[in-house]
Amino acid sequence: MIVDEREHGQILESIHLPTLLASSDVDTETSLRWWHKAVLYEVFLRSFADANDDGEGDIAGLVSRLPYIKDLGVDAVWISPWYVSPMRDGGYDVKNFLDVDPLFGTLEDVQNLIDASHELGLRVVLDLVSNHCSSQHPWFQSALASPEGSKEREWFYFKDGRGEGGNEPPNDWKSIFGGPAWTRTQNPDGTPGQWYFNLFDSSQPDLNWKNEEVLKHFDEILRFWFDRGVDGFRLDAVSAIGKDDDYRDMGFAPDDLYRPDIWGPVPFFDADGVHDVLRRWRRVAREYPTEKFLVGEVVVRDVDRLARYLRRDELQSTLSFDLCKIVWDANAFRQMINTLQSACFERRSWMTWTLSSHDEKRTVSRYSQDGPAEGVLADVTQTGRERARSGYLLALTLPGSACIFQGEELGLWEVTDIPEDKLQDPIYFRTGKQELGRDGCRVPLPWEKEGTSLGFSSSHEAWLPQPRGWADVSVATQLDDTSSTLRFFRSVLALRSTIFNDDEWAFTWDPSPTGVLVLRRGPDFRCVVNFSGEPFQIGPDEEALVSSSPLTHELVIDVNNAAWLRARRSATN
Ligand code: BGC
């Protein structure tokens, strides 16, 4: 998890962006652009909506539900990879970056989607997988068929093994998904060959980003999709493309199976070379007359390293999942927010805040646990539901953009009883079935109150089975209920678009009792989150604009709840 080694403490100073712009070397291209306070809605395509009734979500299904996304009040959709893929890792194993997988549709469907989104005023942000491709990608196939030392093998990380006959992996590095990070190849004559590096699954060989041909191919990929009208890219695991290839051992034990904590502090993450690649991509993005947004999934060890990604000629924003990793605790939230925001202050840049994604356990489930959401999860509680809404009020208060994973607006919970024969996540298999993996947050959305897959497909069963209780939290059910989580999100997002100015770039923490966070933006607005064990009394000079649950008393915010408050206007105003 990221830390702020400089121990900044509080961010106390309120900074007004136009003043800052006038007085600093801020990149004016990035000042006040569409994404500055945008809310992105993450669509995991396979689980969003199925138009051709095969039980798998597709692009036409997404097009049919665009009005729902628009009505939610977001500004953009971030769509999980739709490229041609064997689907060994949910589409993050790409066989052809320049086409659409038939499971999801066609290039024509993509064009319809982009055009229809733009007509509704929604931007389209696509996921770019660059650290690796699929082992079925023609490049990897030709590397396997080519001799050691060939130019084809230079596109990846091929190395000789250690020990007798090269039977041991080149070093002790671990895959993030569990097991070793090296896979042995077979020579065309059937004898054991070299090893290749795979940070994730063995079906995802890492690309060598020091290779000019790899760099050129990705320039082409960016232009291919930008030319079709894509407004930006979420850069998948981008800090992993910088590798410090001295191949030193890390001291991992051979039976050290699952090490998700290796995101960050290891030589195969965040080496300086990544920044040359990001500059190159930003130059490509700048070839277009409309601003293209590059937001990176950046996992690094400290604020100084994070701030480097936000330099004026690199990324406009980073998407951090650190907030998803912390437990429900005021200090933890405050510390993490300060840490991430410090990087933005340093670079005069913007964070994309999120509590959820297709890789994280659902928020209502996480916040229903007493401690970290690990191992067997306890059932969802009312407390978890309230905390999830409160967490979103906090995240949506922060300056910068925000991202909401599909289904969070319905309060969906993590599905923990998916039958084993339906589980797909490589983490489950690579950890010897010790870790359930990420399928539980990817279960297809419930749209209707009834039907085989609650309106996800018209008659087919969904590719991952939906829990029975989801009829009660379906979109149709929640639209009929003014106190539903969906209605809550709609109100919050509508308010957010009007109450915060584009140029309000900073916030302060107001003094507050232990366990209560009070985040101020501007003279009139505060967000109060009550993490403590006692109700929190609001002063008479403030009124609640929206709250996580109906306030039991006009001036009291209950335990686990939150509210947006505005200074009361006097009758004469
Ligand atoms: C994506 C994951 C994916 C991994 C490998 C991540 O950061 O969000 O879903 O498994 O990259 O591509």
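Residues numbered from 1 in each chain as written. Predicted model: local features only at pLDDT ≥ 70, side-chain atom pairs only at ≥ 80, totals over all residues. Heavy atoms only, no water.

### Describing the pattern of salt bridges
Once their charged atoms are close, side chains differing in charge can pair, the charge on each being opposite to the other. Tallied over the entire structure, the rule returns 37 salt bridges. For R88, the salt bridge is made with D201, and the minimal N-O distance between the two is 3.5 Å. Pair noted here: R88 is in the loop between β3 (83–84) and β4 (96–100) and D201 is in the loop between β8 (192–197) and α6 (212–227), with a separation of 113 residues, a long-range link. The exposure class assigned to R88 is partly exposed, which follows from its relative accessible area of 45%. Taking the relative accessible area as the measure of exposure, D201 reaches 4% and is therefore buried. Residue R248 is joined to D246 by a salt bridge in which the shortest nitrogen-to-oxygen separation is 2.6 Å. Under the relative-accessibility criterion, R248 is labelled partly exposed at 42%. (Salt bridge = Lys/Arg side-chain N within 4 Å of Asp/Glu carboxyl O. Helix = DSSP H or I, 4+ residues; strand = E, 2+ residues; numbered from the N terminus. Buried < 20%, exposed > 50% of the residue type's maximum accessible area, 1.4 Å probe, protein only.)

### Topic: the sheet that holds strand β6 (residues 158–159)
Read from one edge of the open sheet, three strands run β6-β8-β7, paired in antiparallel fashion. Two strands lie at the open edges of the sheet, namely β6 and β7 (182–186), each paired on one side alone. Two elements, β6 and β8, share two bridges in a ladder whose sense is antiparallel. Bridge assignment links K159 to a residue of β8, and that residue is W195. (Pairing = 2+ DSSP bridges.)

### Section: the domain arrangement of the protein
When the parts come together, some accessible area is lost, and that loss is often what is quoted as the size of the interface. Taken as a whole, the protein is organised into domain 1 (5–133 + 211–447), domain 2 (138–197) and domain 3 (508–572). Taking only C-alpha atoms, the centre of domain 1 and the centre of domain 3 are 30 Å apart. Across the boundary between the two partners, domain 1 contributes 22 residues, which contact 20 residues of domain 3. The junction of domain 1 with domain 3 conceals about 1,800 Å² of combined surface from both sides, 67% of it contributed by carbon and sulfur atoms. For the pair domain 1 and domain 3, the number of links is zero salt bridges. Where domain 1 touches domain 3, the interface holds eleven residue pairs in polar contact (both at pLDDT 80 or more). Among the secondary structure elements, those contributing two or more residues to the side of domain 1 that touches domain 3 are α10 (330–347) and α12 (382–395). Counting residues per element, the side of domain 1 that touches domain 3 draws most heavily on α12, which supplies seven residues. Each residue belonging to the side of domain 1 that touches domain 3 can be placed in one class, and the counts come to eleven nonpolar, six polar and five charged. (Domains from an automatic or database assignment. Contact = heavy atoms within 4.5 Å. Buried area = accessible area lost by both parts, 1.4 Å probe. Polar contact = N/O pair within 3.5 Å; in protein donor to acceptor, adjacent residues only side chain to side chain. Nonpolar A, V, L, I, M, F, W, Y, C, P; charged D, E, K, R; others polar.)

### Some words on the site of the ligand
Close to the ligand lie 13 residues; D89, D236, E297, H358 and D359 are nearest. The side chain of D89 places a nitrogen or oxygen atom 2.6 Å from an oxygen atom of the ligand. At 3.0 Å from an oxygen atom of the ligand is found a side-chain nitrogen or oxygen belonging to H132. Taking 310 Å² as the accessible area of the ligand by itself, protein coverage stands at 99%. Its residues placed into classes, the shell around the ligand shows four nonpolar, two polar and seven charged. (Near = heavy atom within 4 Å. Areas by Shrake-Rupley, 256 points an atom, 1.4 Å probe, with all protein chains shown as cover.)

### Remarks on the sheet that holds strand β11 (residues 317–319)
The strand order around the closed barrel built from eight strands is β1-β2-β5-β9-β10-β11-β12-β13, with neighbouring strands paired in parallel fashion. With direction set aside, neighbouring strand axes in the sheet form an average angle of 25°. Note: strand β2 (residues 76–79) against strand β5 (residues 123–129), four bridges, orientation parallel. The partner of W78 across the bridge, within β5, is V125. Its contacts with the sheet put helix α7 (residues 274–285) on β5, β9 (232–236) and β10 (293–297), and the angle it makes with β10 is roughly 155°. (Axes fitted to C-alpha atoms, helices over the stretch in contact; angles between N-to-C directions.)

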